[in-house]
Structure formats: C-alpha cells, structure tokens
Amino acid sequence: MLQLKPLPVNKTHSLGPLIVFTLALSAFIFDAQTSDLLIYNRSLITAGEYWRIISGHFFHSNANHFLLNTAAVALLWALHGQYYSYKNYLLVFLTSAIVCSLGIYWFSVNIELYVGLSGVLHGFFVWGALMDIKHKEKTGYLLLIGVMAKIIHEQIYGASADVEILIGASVATDAHLYGAIGGLLAFIWCYFTTNKASA
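Every chain is numbered independently, its residues counted from 1 as its sequence is written. It should be noted that, the model being predicted, local features are given only for residues of pLDDT at least 70 and side-chain atom pairs only at 80 or more, the latter also being counted only at that level, while totals for whole chains, interfaces and linings use all residues. Side-chain calculation: all heavy atoms of the structure are included, whereas hydrogens and water are not.

A.B. asks: Before we move on, can you summarise the overall build of the protein with the specific residues and values?
C.D. replies: Strands here mean DSSP runs of E at least two residues long; helices mean DSSP runs of H or I at least four residues long; both are numbered from the N terminus. Secondary structure summary: the protein contains 10 helices and two strands in total. Ordered by position in the sequence, the α and β elements of the protein form the string α-α-β-α-α-α-α-β-α-α-α-α. C-alpha atoms define the radius of gyration, and 2.2 Å times the number of residues to the power 0.38 defines the globule rule. Here the protein has a C-alpha radius of gyration of 17 Å; the compact-globule value for 199 residues is 16 Å, and the two agree. C-alpha atoms of the protein, sized along the principal axes, occupy 45 × 35 × 30 Å. Only protein chains enter the accessibility calculation, which uses a 1.4 Å probe. A residue is then buried if its area is under 20% of the maximum for its type, exposed if over 50%, and partly exposed in between. Of all 199 residues assigned to the protein, the portion counted as buried reaches 41%. Contacts between residues were defined by any pair of non-hydrogen atoms, one from each residue, lying within 4.5 Å. In the protein, the share of contacts with a sequence separation of at least 24, taken over all contacts with a separation of at least 6, comes to 78%. Between the mean site of the 10 positive side-chain charges and the mean site of the 10 negative ones, the protein shows a separation of 18 Å. For the purpose of charge, His is not counted, nor are the chain termini; Lys and Arg are scored as positive and Asp and Glu as negative. Taken as the charge centre is NZ of Lys, CZ of Arg, CG of Asp or CD of Glu, depending on the residue.

This is the structure in structure tokens:
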C-alpha cells in the first residue's frame with residue numbers, strides 16, 4: 001500500500017527552497033526595475049557581466065511561467081526535501097545554474113536571452129532521483145527514467161506548443177538538458193565527498 005511521507009518541514013530541509021522562492025518572487029515583483037541588469041543576456045555576459053549566469057534564473061517571462069516554476073520548487077521539495085541541507089541545496093543550485101548557463105552560452109548560440117528556473121529544476125530532479133536510488137528507493141529509478149525520457153523527447157520533437165503559449169515565450173529545451181547534467185555532476189560531487197568523509 002502506498003504511504004504518503006510527511007513533508008520535510010525541518011528548517012534544514014526547507015530553507016533552501018524558501019530562499020529560491022523568495023528571490024524568484026522578488027524578481028517577479030520588481031521585474032521592470034531589475035531585469036535589464038540581471039537576466040541572462042549573451043551579449044552582456046560576453047562583455048563581462050558574469051553575474052547574469054546565476055541571477056538570470058530567478059526571472060520569468062510572465063505570471064504563468066513564475067507559478068509553474070515555483071510550484072515545481074515546492075513539488076521537488078515535497079519529493080526529495082528530506083535529502084536537502086544548507087550545503088547540498090546550494091551546491092545543486094549553483095552547479096545546475098552554472099552548467100545550464102554555460103551550456104547555453106557555449107552550445108546554444110541561437111539563445112540570446114534566457115529566463116526561468118526550469119533548467120535548475122531539472123538538475124534538482126535528477127539529483128533527487130539519484131539520491132532516491134542511493135537510499136534504495138525504487139521510485140528513484142522511475143523518476144530518473146521519466147526525466148531522461150522527457151529530455152530526449154524534447155531534444156527530438158521540441159517543447160509543447162501549449163506550454164509555450166502558456167508562458168508567452170519559447171521553451172529553451174536545451175536548458176533542461178544542461179541543467180540535468182548539472183544535477184548529475186552535483187550528485188557525483190556529493191557522492192564522492194560524502195564517501196571520502198566517512199572513509
């Protein structure tokens with residue numbers, strides 16, 4: 001029988017997602033005042049404004065985009081928040097954000113502007129599924145297969161037209177791939193550093 005796990009409401013588990021939500025909400029509220037300075041903009045990154053590699057992820061194309069991404073932050077917390085700590089949440093976020101942004105910069109040269117948490121969220125999804133597998137949770141395999149199938153489908157067929165209409169922008173499917181790679185790299189780092197510390 002399927003049992004629902006209690007939500008990971010401990011401060012250690014929930015502070016990271018709350019901070020991400022707060023920063024994304026602030027970016028949404030003050031978009032008109034701050035987006036020109038902070039969103040991912042290829043030309044301005046080339047000119048030396050490297051902070052955009054991180055800050056751009058907190059901005060969104062419209063309210064629907066913001067709500068979809070922040071709902072996903074909450075869902076991933078409910079799924080895998082028991083594995084979150086201050087240190088590893090920051091690690092997964094930064095690794096996924098940087099790999100996502102650099103992947104876009106180096107390999108998706110057609111993308112001039114990028115906003116949204118979806119690349120980072122794919123990183124958290126992959127990391128969480130692998131943590132499930134590490135802790136012998138069979139659902140981790142299903143989640144990992146599911147996200148891999150989604151990414152492959154997007155790479156072959158592109159994004160859903162309905163989602164693009166909903167968020168009022170093109171979906172940067174490459175960002176999902178790069179973010180997922182970032183989540184994998186974060187897991188590998190966590191895995192080996194944890195094992196080294198316990199050896």
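A.B. asks: How would you explain unusual backbone geometry if you had to name every residue and give the values?
C.D. replies: For residues that are not glycine, phi is negative in most cases, and the peptide bond is trans in most cases. Its identity as a non-glycine residue notwithstanding, Lys 136 has a phi of 60 degrees, on the positive side. Here Lys 136 lies in the loop between helix H7 (118-134) and helix H8 (139-157). Since its relative accessible area comes to 74%, Lys 136 is described here as exposed.

A.B. asks: So what about the packing of aromatic side chains? Which residues, and what values?
C.D. replies: Pairing of aromatic rings covers Phe, Tyr and Trp, the last counted by its six-membered ring, and requires centre-to-centre distances within 6.5 Å; plane angles under 30 degrees mean stacked, over 60 mean edge-to-face, and any other angle means tilted. Taken as a whole, this structure holds 12 aromatic pairs when the rule is applied. Centre to centre, the rings of Tyr 89 and Phe 124 are 4.5 Å apart; their planes meet at 35 degrees, and the pair counts as tilted. Placement of the pair is Tyr 89 in helix H6 (residues 86-107) and Phe 124 in helix H7, with a sequence separation of 35 residues. Taking the relative accessible area as the measure of exposure, Tyr 89 reaches 8% and is therefore buried. Within the aromatic cluster, the residues linked to one another by ring pairs are Tyr 84, Tyr 89, Phe 124 and Trp 127.

A.B. asks: Describe the pattern of salt bridges, naming the residues involved and giving the relevant values.
C.D. replies: When a carboxyl oxygen of Asp or Glu lies within 4 Å of a side-chain nitrogen of Lys or Arg, that pair is called a salt bridge. Under the definition given, this model contains two salt bridges. Taking the shortest distance from any N to any O, the salt bridge between Glu 49 and Arg 52 comes out at 2.6 Å. Overall, the relative accessible area of 21% leaves Glu 49 in the partly exposed class. Its salt-bridge partner being Glu 154, residue Lys 150 comes within 2.7 Å of it at the nearest N-O pair. Here Lys 150 pairs with Glu 154, and both are found in helix H8, just four residues apart, close to one helical turn. For Lys 150, a relative accessible area of 35% gives the class partly exposed.

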